[in-house]
Amino acid sequence: MKTLTCDLCDTTAQGETFEQWMTALQPHYMQAHPDVMNDPDGDMQKWMVDNKARYEAAKED
Ligand SMILES: [Zn+2]
């Protein structure tokens, strides 16, 4: 299990895998950062790569 903050604020989410972490973060993202999720210029692929690297680098709880 790893705990990582949101990439845009200090809210944290937990997950056993990157996919679980992303799923756990999703409700927060939709509530707190809907503009980012709806950004037509947003690069989801880049977000995934950047945040997966962050997840991989984090320590296990
Ligand atoms: Zn956030």
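In what follows, the structure referred to is the one given above.
Let me begin by describing the structure that accompanies this report.

Cut-offs applied
Residues numbered from 1 in each chain as written. Predicted model: local features only at pLDDT ≥ 70, side-chain atom pairs only at ≥ 80, totals over all residues. Helix = DSSP H or I, 4+ residues; strand = E, 2+ residues; numbered from the N terminus. Rg over C-alpha atoms; globule rule 2.2 N^0.38 Å. Buried ≥ 20, exposed ≤ 12 C-beta atoms within 10 Å, placed from the backbone. Contact = placed C-beta atoms within 7 Å. Expected span 1.5 Å × (residues − 1). Bend = angle between axes of the 7 residues up to and from the residue. Pairing = 2+ DSSP bridges.

Counting its secondary structure elements, the protein contains three helices and two strands. Tracing the protein from N to C terminus, the helices and strands come up as β-β-α-α-α. For the protein, whose C-alpha radius of gyration is 11 Å, the value lies close to the compact-globule estimate of 10 Å for 61 residues. For the protein, the C-alpha atoms occupy an extent of roughly 35 × 20 × 15 Å along the three principal directions. Residues counted as buried form 3% of the 61 residues belonging to the protein. Pairs at least 24 residues apart make up 36% of the contacts formed inside the protein by residues separated by at least 6 positions.

It is worth spelling out helix H1 (residues 18-32) at this point. Taking 1.5 Å per residue as the helical rise, H1 with its 15 residues ought to reach 21 Å, and the 20 Å between its terminal C-alpha atoms agrees with that figure. At Leu25, H1 is bent by approximately 35°, the largest bend along its length, and proline Pro27 sits one to four residues beyond.

With that settled, the discussion passes to the pairing of strand S1 (residues 2-5). Bridge count between S1 and strand S2 (residues 12-15): four bridges; the pairing is antiparallel. From the neighbouring strand, Thr5 faces S2, where its bridge partner is Thr12. Remark: six residues form the turn of the hairpin made by S1 and S2, two consecutive strands paired antiparallel.

In a regular helix each residue adds 1.5 Å, so 14 residues correspond to 20 Å; helix H3 (residues 44-57) covers 20 Å between its end C-alpha atoms and thus fits that length. Of all the 14 residues making up H3, zero are buried; the element is thus mostly uncovered.

Secondary-structure assignment places Met30 in helix H1. The class of Met30 is exposed, set by 12 C-beta atoms lying within 10 Å.

Structurally, Cys6 can be placed in the loop between S1 and S2. Excluding its chain neighbours within four sequence positions, the residues that come into contact with Cys6 are Thr11, Leu25 and His28.

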